[in-house]
Amino acid sequence: MRRESHVRFCEGAGVRFPRATRRNIYVHSERAGQRVMATISRFLTQRLRLSVNAAKSAVARPGVRHFVGFRLQRTGGKEVQTRLSQRSLRRIRRRVVELTRRNWGGSLESCITRINEYLTGWMGFFHLVDRVALYDLDRIDAHIRRRLRAIVFRQKKRRRHIVHWLRRRRVPAAQARIDVYGKHRSLWALSITTSAHKAMSTYWFDKQGLVHLARLWRQWAARPPEVIAPTQLELTLG
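These figures come from a predicted structure and were not determined experimentally.

## Here's the deal with the overall build of the chain
- What the chain contains, in helices and strands, is 10 helices and 4 strands.
- When its helices and strands are written in sequence order, the chain yields β-β-α-β-β-α-α-α-α-α-α-α-α-α.
- The burial tally for the chain puts 32% of its 238 residues in the buried class.
- Carbon and sulfur atoms provide 51% of the accessible area of the chain, an area that totals close to 16600 Å².

Here it is, written out as structure tokens:
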């Protein structure tokens, strides 16, 4: 927390807020939100002579607003859940696409190494989400595995090479031929077939060293709480 001297008081709205570029204010109703927003906007522009970004300022439910990557949603009771915002989900999906380009020319191991570095750092910030975010994390993990399957198939270059590789991965020959030469014409469509899941399962990616977001979150959740020491410590020697 910042010191009290760094906190300004908006007398018209009765709201204390520290100096920052973005702040969320929570009230009981939409009508109260409109009133508080008008008062604070007037306070910032007239008294503090600051500009208010109207495009990023709005009165809405907490569940649909983006705040430093998160969104807050209240359950049926008094509990408030911390979830990933839609903007954060779009950004990580876009970044995953950039890290797993279909024309990736390096090895699969080097691609996985890049992904692991990004996912580990990403989870270091977003581990504050609640368990309800595991659904989104599982979907991102599944999307990453599918893109890696497409990279593996593309590096085989020829479909007959893909069939031979699938058979070495204990995929039945008939199933491999149906999936490779059947209706799944593109390699992207082939990456979600039964043969692809059997040859490159989640366990197979574990052996390749791929990091899973859902598993990372569980590791963060299992950590013991940090002990925060006082800001000033004194040691007295007798």
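Okay, back to it.
## Describing the pattern of salt bridges
- Throughout the structure, instances matching the rule amount to 2 salt bridges.
- Among the salt bridges present, the one from Glu-98 reaches Arg-95, with a minimum N-O distance of 2.9 Å. In this pair, Glu-98 and Arg-95 are both assigned in helix H2 (residues 86-99), 3 residues apart and thus about one turn of the helix distant.
- Residue classification places Arg-95 among the partly exposed positions, given a relative accessible area of 33%.

## Notes on the side chain of Thr-100
- Mapped onto the secondary structure, Thr-100 falls in the loop between H2 and helix H3 (108-126).
- Judged by relative accessible area, Thr-100 falls into the buried class, the value being 1%.
- Not counting residues within four places of it along the chain, the set of residues in contact with Thr-100 comprises Cys-111, Ile-115, Arg-147, Leu-148 and Ile-151.

## Some details on the nonpolar core
- Counting 45 residues, the largest nonpolar core has Leu-137, Leu-148, Phe-153 and Leu-166 as the members making the most contacts within it.
- Once you skip the residues sitting within four places of it in the chain, Leu-137 turns out to touch Leu-84, Trp-122, Met-123, Leu-213, Ala-214 and Trp-217.

## Quick word on the side chain of Arg-149
- The residue Arg-149 is located in helix H4 (residues 134-156) in this model.
- Buried within the structure, Arg-149 lacks any salt-bridge partner; Asp-206 is the closest side chain of opposite charge, at an N-O distance of 10 Å.
- Looking at Arg-149, its side chain comes within polar contact range of the main-chain oxygen of Met-200, at 3.0 Å.
- Discounting chain neighbours no more than four positions away, the residues touching Arg-149 are Ser-191, Ala-196, His-197, Met-200 and Phe-205.

## Examining the packing of aromatic side chains
- One pass over the structure, following the stated rule, counts 7 aromatic pairs.
- Ring plane angle 80° and centroid distance 5.1 Å describe the contact between Trp-204 and Phe-205, whose orientation is recorded as edge-to-face. In this pair, the class of Trp-204 matches that of Phe-205, namely buried.
- One aromatic cluster is present, formed by Phe-70, Trp-122, Phe-125 and Phe-126 through successive ring pairs.
- Lying over the aromatic face of Trp-188, Arg-146 brings its terminal NZ or CZ to 3.9 Å of the ring centre.
- Residue placement shows Arg-223 over the ring face of Trp-220; its charged tip is 3.9 Å from the ring centre.

## Thoughts on the packing of H3 against H4
- One way to put it is that H3 packs onto H4 with a least axis distance of 11 Å and a crossing angle of 165°. The pairing of H3 with H4 is recorded here as roughly antiparallel in orientation. In the crossing of H3 with H4, the sense of the turn from one axis to the other is right-handed. Residues Leu-108, Cys-111, Ile-112, Ile-115, Leu-119, Trp-122 and Met-123 of H3 form the contact with H4, whose own contacting residues are Leu-137, Ile-144, Leu-148, Ile-151 and Val-152.

## Description of the environment of Ala-221
- As for its position among the elements, Ala-221 is in helix H10 (residues 213-221).
- For the pair formed by Ala-221 and Leu-128, sequence separation is 93 residues and the distance between their alpha carbons is 8.7 Å.

## Re H4
- Over its 23 residues, H4 runs 33 Å from end to end, which matches the ideal 33 Å to within 8%, given 1.5 Å per residue.
- After H4 finishes, the residue Lys-157 shows a positive phi value of roughly 70°.

Cut-off values and rules
Residues numbered from 1 in each chain as written. Predicted model: local features only at pLDDT ≥ 70, side-chain atom pairs only at ≥ 80, totals over all residues. Heavy atoms only, no water. Helix = DSSP H or I, 4+ residues; strand = E, 2+ residues; numbered from the N terminus. Buried < 20%, exposed > 50% of the residue type's maximum accessible area, 1.4 Å probe, protein only. Areas by Shrake-Rupley, 256 points an atom, 1.4 Å probe, with all protein chains shown as cover. Salt bridge = Lys/Arg side-chain N within 4 Å of Asp/Glu carboxyl O. Contact = heavy atoms within 4.5 Å. Core = buried A, V, L, I, M, F, W, Y, C linked by side-chain atoms within 4.5 Å. Lys, Arg positive; Asp, Glu negative; His and termini not counted. Polar contact = N/O pair within 3.5 Å; in protein donor to acceptor, adjacent residues only side chain to side chain. Phe/Tyr/Trp six-rings, centres within 6.5 Å; stacked < 30°, edge-to-face > 60°. Lys NZ or Arg CZ within 6 Å of the ring centre and 35° of its normal. Axes fitted to C-alpha atoms, helices over the stretch in contact; angles between N-to-C directions. Parallel < 35°, antiparallel > 145°, perpendicular 65-115°, else oblique. Left-handed = near helix turned anticlockwise from the far one by under 90°. Expected span 1.5 Å × (residues − 1).

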